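# Architecture at a glance
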Amino acid sequence: MKFTLSWLKDHLETDASLDDILYALTDLGLEVEGVENPTSRLQAFTIGKVLKAEKHPDADKLKVCQVQTDEGETQIICGAPNAREGIIVVIAKPGTYVPGIDTTIGVGKIRGIESYGMMCSEREMELSDEHDGIIELPSGEIGQSFTDWLSENDPAKVDPVIEIAITPNRPDALGVRGIARDLAARGLGKMKPRDIDPVPGAFACPISVSIDDGAKDACPVFYGRLIKGVKNGPSPAWLQQQLKAIGLRPISILVDVTNFFTYDRNRPLHVFDADKITGNLRVHLSEGGETLSALDDKDYTLSEGMTVISDDNNIESLGGIMGGAASGCSEGTVNVFLEAAFFDPIRTAHTGRKLKINSDARYRFERGIDPEWTPTGIEHATRMILDLCGGEASEVVVAGQIPDHARAYKLDTDRVQSLVGMEIPAETQRATLTALGFRLDGDMVHVPSWRPDVMGEADLVEEVARIASLTKLQGKPMPRAATGVPKPILTPMQRREQIARRTCAALGYNECVTYSFIDQKTATLFSGGEDTTRLENPISSEMSHMRPALLPGLLQAAARNQARGFGDMALFEVGPAFHGGEPEEQQLLVTGLLVGHTGPKDVHGTRRALDIYDVKADAEAVLNAIGAPAKAQILRGASDWWHPGRHGMICLGPKKVLGVFGEVHPKVLSEMDVKGPAMAFTLWPAEVPFPKTRSATRPALHLRDLQAVERDFAFVVDNDIEALTLINAATGADRTLIQNVRVFDEFIGPKAEDQMGAGKKSLAITVRLQPSDKTLTDEEIEAISAKIVEKVSKATGGTLRG
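Because the structure is a prediction, the values reported are computed rather than measured.

## Examining the overall build of the protein chain
The helix and strand tally for the protein chain stands at 21 helices and 42 strands. A globule of 802 residues ought to have a C-alpha radius of gyration of about 28 Å, yet the protein chain, at 43 Å, is considerably larger. Within the span of the protein chain, comprising 802 residues, buried residues form 48% of the whole. Across the protein chain, the fraction of contacts at a sequence separation of at least 24, relative to all contacts at a separation of at least 6, is 69%. A total accessible area of about 41100 Å² is found for the protein chain, and carbon and sulfur atoms account for 49% of it.

## Considering the sheet that holds strand β15 (residues 209-211)
The strand order β15-β18-β21-β22-β23 describes an open sheet built from five strands, whose pairing is mixed. Strands at the two margins of the open sheet, each flanked by one partner only, are β15 and β23 (322-323). Where β15 meets strand β18 (residues 281-285), three bridges bridge the pair, whose relative direction is parallel. Paired with I211 across the bridge in β18 is V283.

## Re the sheet that holds strand β1 (residues 2-4)
Taken together, three strands build an open sheet; the order of strands is β1-β13-β3 and the sheet is antiparallel. In the strand order of this sheet, the two ends are held by β1 and β3 (32-36), each with one partner. In this sheet, neighbouring strand axes are inclined to one another by 20° on average, regardless of whether the strands run parallel or antiparallel. Relative to strand β13 (residues 161-164), β1 runs antiparallel, the two sharing three bridges. Opposite T4, over in β13, you have V161 as the bridge partner. Along the sheet face, helix α2 (residues 18-27) touches β1, β3 and β13 and points at about 160° away from the line of β3.

## Looking at the environment of A381
Within the element layout of this structure, A381 appears in helix α10 (residues 374-389). Given the relative accessible area of 0%, A381 is considered buried. Along the sequence, A381 and A752 sit 371 residues apart, while their C-alpha atoms lie 106 Å from each other. A381 has contacts with V257, F261, L269 and L338, leaving out every residue within four places of it along the chain.

## Concerning the packing of aromatic side chains
Per the stated rule, a full pass over the model turns up nine aromatic pairs. Aromatic side chains F146 and W149 sit 6.2 Å apart centroid to centroid with 10° between the ring planes, which places their arrangement in the stacked category. Of this pair, F146 and W149 both sit in helix α4 (residues 146-153), three residues apart, which is roughly one turn of that helix. W149 shares its class with F146; the two are buried. Members of the aromatic cluster, each reached through a chain of ring pairs, are W7, W238, F260 and F261. Here R181 stacks its cationic end above the ring of W450, 4.2 Å away from the centre of that ring. The side chain of R367 reaches across the aromatic face of Y363, ending 3.7 Å from its centre.

## Focus: the packing of α2 against helix α5 (residues 176-186)
One way to put it is that α2 packs onto α5 with a least axis distance of 10 Å and a crossing angle of 100°. Looking at the two axes, α2 sits roughly perpendicular to α5. Judged by residue contacts, I21, A24, L25 and D27 of α2 engage I179, L183 and R186 from α5. Partitioning the contact of α2 with α5 into residue classes produces five nonpolar, no polar and two charged.

## A short note on the pattern of salt bridges
Throughout the structure, instances matching the rule amount to 38 salt bridges. R41 is paired through a salt bridge with E126; the nearest N and O atoms lie 3.4 Å apart. Taken together, the residues span a long stretch of sequence, with R41 in helix α3 (residues 38-42) and E126 in the loop between β12 (118-119) and α4 at a distance of 85 residues. Given the relative accessible area of 42%, E126 is considered partly exposed. A salt bridge links K521 to E671, with the nearest nitrogen and oxygen atoms 3.6 Å apart. Here the residue K521 occupies a position in helix α15 (residues 520-525), and E671 occupies one in helix α18 (residues 666-671), the gap between them amounting to 150 residues. When its relative accessible area of 44% is taken as the criterion, E671 is described as partly exposed. Several salt bridges converge on common partners, so that one network encompasses R170, D172, D182, R451, D453, E463 and R466.

## Some points on the packing of helix α12 (residues 426-435) against helix α13 (residues 457-468)
When two helices pack together, their arrangement is given by the angle between the helix axes and by the axis-to-axis distance. It is the contact of α12 with α13, at a shortest axis distance of 9 Å, that shows an interaxial angle of 95°. The angle between α12 and α13 falls in the class roughly perpendicular. On α13, the residues touching Q429, T432 and L433 of α12 are L460, E463, V464 and I467. By residue class, the composition of the contact of α12 with α13 is four nonpolar, two polar and one charged.

## Observations concerning a positive patch on the surface
On the surface, a cluster of positive charge is made up of K631, R704, R735, K787, K791 and K794. According to the relative accessible area criterion, R735 is partly exposed, its value standing at 48%.

## Overview of helix α17 (residues 612-625)
The end-to-end C-alpha distance of α17 is 20 Å, a good match for the 20 Å that 14 residues give at a rise of 1.5 Å each. Within the span of α17, buried status applies to I612, D614, V615, D618, A619, V622 and L623. The buried residues of α17 occupy an angular sector of 165° when projected down its axis, which confines them to one face. Summarising the geometry of α17, the exposed residues directed more than 90 degrees from the buried face are Y613 and N624. Looking at the packing, one finds that the buried side of α17 touches α14 (492-506), β34 (586-595), β36 (642-653), β37 (656-664) and β38 (678-683). You can read the cap of α17 off the contacts: a side-chain oxygen lies 3.0 Å from the backbone nitrogen of Y613, and it is on D611.

## A word on the pairing of strand β4 (residues 46-55)
Here β4 runs beside strand β7 (residues 88-92); their pairing, made up of four bridges, is antiparallel. Across the sheet, the residue bridging to T46 is I91, located in β7. In terms of strand pairing, β4 meets strand β5 (residues 63-69) through six bridges, oriented antiparallel. Within β5, the residue paired with K55 across the bridge is K63.

## Concerning the nonpolar core
If you look at the biggest cluster of nonpolar residues, it comprises 97 residues, and the most contacted ones within it are L25, I164, I179, L183, F222 and F337. Those residues in contact with I164 that lie beyond four places of it in its chain are M1, F3, L25, L30, E31, V32, E33, A173 and I179.

## Overview of α2
Of all the residues in α2, the buried ones are L18, I21, L22, A24, L25 and D27. Within two residues after α2, G29 carries a phi angle of roughly 100°, on the positive side.

## A short note on the confidence of the model for the protein chain
Mean pLDDT over the protein chain stands at 92; residues scoring 70 or higher make up 100%. Ranking the elements of the protein chain by mean pLDDT puts α3 last, at 82, and β38 first, at 97.

## Regarding the pairing of β34
For β34, a buried count of eight out of 10 residues is recorded, marking the element as mostly surrounded by other parts of the structure. As paired strands, strand β33 (residues 569-578) and β34 are joined by 10 bridges and run antiparallel to one another. If you follow V574 over to β34, its bridge partner there is V590. In terms of strand pairing, β34 meets β38 through six bridges, oriented antiparallel. For V595, the partnering residue across the bridge sits in β38 and is A678.

Calculation notes
Residues numbered from 1 in each chain as written. Predicted model: local features only at pLDDT ≥ 70, side-chain atom pairs only at ≥ 80, totals over all residues. Heavy atoms only, no water. Helix = DSSP H or I, 4+ residues; strand = E, 2+ residues; numbered from the N terminus. Rg over C-alpha atoms; globule rule 2.2 N^0.38 Å. Buried < 20%, exposed > 50% of the residue type's maximum accessible area, 1.4 Å probe, protein only. Contact = heavy atoms within 4.5 Å. Areas by Shrake-Rupley, 256 points an atom, 1.4 Å probe, with all protein chains shown as cover. Pairing = 2+ DSSP bridges. Axes fitted to C-alpha atoms, helices over the stretch in contact; angles between N-to-C directions. Phe/Tyr/Trp six-rings, centres within 6.5 Å; stacked < 30°, edge-to-face > 60°. Lys NZ or Arg CZ within 6 Å of the ring centre and 35° of its normal. Parallel < 35°, antiparallel > 145°, perpendicular 65-115°, else oblique. Nonpolar A, V, L, I, M, F, W, Y, C, P; charged D, E, K, R; others polar. Salt bridge = Lys/Arg side-chain N within 4 Å of Asp/Glu carboxyl O. Patch = residues over 30% accessible without salt bridge, like charges linked within 9 Å, V, L, I, M, F, W, Y side chains within 5 Å. Lys, Arg positive; Asp, Glu negative; His and termini not counted. Charge placed at Lys NZ, Arg CZ, Asp CG, Glu CD. Expected span 1.5 Å × (residues − 1). Arc of directions from axis to C-beta. Polar contact = N/O pair within 3.5 Å; in protein donor to acceptor, adjacent residues only side chain to side chain. Core = buried A, V, L, I, M, F, W, Y, C linked by side-chain atoms within 4.5 Å. pLDDT = per-residue confidence, 0-100.

Next comes the structure, spelled out in structure tokens:
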């Protein structure tokens, strides 16, 4: 939104400086994006007087001028034809930058005679395109700043242009008067009355207007009147200057008047050449397939349901967006039909987007204009057209009725303190709302029709605080709820999540943050993709379902990295996964992914492919960091996206799974275009039991002072028996005494079958016994050994190898 300072002062009586106005605008929420201030580049130019002008001895077109300046008499060489004795001129002294020629003036010799400055033309100062001669001023004091002279005698040439950003909730600020209202409420001046008396109609309007029943929501009200006998042509200089200053091209008086009110009052209007209208006007919805040649010289094919204005033969205008070229006004227009209507913001926005038309009218209608100013707007525009073009106005024709947007909310003056944290007296709050155009009736505040954004009591508080200035807010520490050491801010689960994230990073993993949405095909690979996790309005077809696990996102990231030449990577993510649409049907996961090798190639040959034991160690490190018990079982039976023979579940029992580690199934990698093998782990932090007692200090270190005992066992089992089954069985023989069990040998193959029988193998384990209260006797050791053999035999069907 652009406007000039003088335009603002047409509505606001103020003595505030430009800097004060700019600061207040930004502070009020109307952020200043730019200022074009001509005085800033003309500040160094001063006024002088030519005392003597003589012909240059070595040049026919040059003159040697003696010029009186504030620094005394100086000599300037000038080639302008109007340079002569006695005229008042604009001087650029040495060291002054002249913007029109992009040059800094210095002392120089011209045909052997020194020149100490320059007398300027309007083009050289970027005031106009005039360059036939130097500027001749009718008045001015020697040494006076030229910008001061312009401010007093020709202010339009030094009028600052201000550009502000408009948020979607402030359509009232799309008119200069709305901006002035905010500044007046802040205390930077007083609003000037700009009301006029209605223009009486001299005759009945020969053109009637009707709104179809199906279009009354799209165009609730339409005002129009005929003005006959106008003389169209170029606009007066003041109107052209205002429009040019904000970047609009003056066209003709009739068109420029509509553009003026679009920016002055946020009131888009339209003018039809009445002689080009056949019959009467009708507002209706398009059926689809119609075409319109618009004022931007483009042809548009309309879709069904667009708001259009037609005469008896053709569509003449797109309601709220752009008029048609066929009924547009030209310099030959004598009779004009003036339109002021209210169009539905949503339908206007849909139509504009579909046809890809961006116009000032659409920009305002889709954000919301003041519906109650519609009849007043047509009177203002009529008065200006009659003043500038002459003519005679008809009576106003009206179709429909102004939509009722009246609403009121209770003003609770105490809520400013609770919602904003500012102490503003009740009377100040009431005065602020009154200055903004709100009407107070006791404690009820009636919202003005130009403020569609105010929809509740909290919005009233926001208006009061905005005008008072949020910069006055002072930081105050929040009072403590209780004395003493404050309680932790993070919950135990949030703390656990934080520890898991930091541990993964410390292990060398790079954190990923992926979308919670994936496509159905990928979700199905990970036991998801059901209707319960499908999104009603997905961003795209590739984000149609909530993710059932974090691993899909990491695999997609790995595939993208591999496609760009990064083969070795360690990625992790901490976040929720979903197995339903309800809040309780989600769970926090910690997932890590390893792909490639342990490091770059080196001369020592230490580089190797990553394997299952790498992710197992990392998973156990994370579990240890978040407080999982040291003793846990490793079981099979994880989901089918894990390799069936190369994975393990970390459990505290058959039903208490803390996590899974292993190799990702090759079929899954193939589906997701990942070059494998890929190792991964997934942990469920919520499944790790919290300690029964909580303490700020670490527990005491318990060391065993008794000798540990190790015993080796070799069992003959079937080839399909997993070592894990044997370890778990041996561990269960006595969980108190048995500290750990590990496999140290496997004898398998033809030689083994020759000794132990077909389909048999030998697994050797070491069992470490750690007593806590007394040294074990031989009898106790033998008893435990027998129990181990019994447990393993029962679980595996194996026998102790002789």
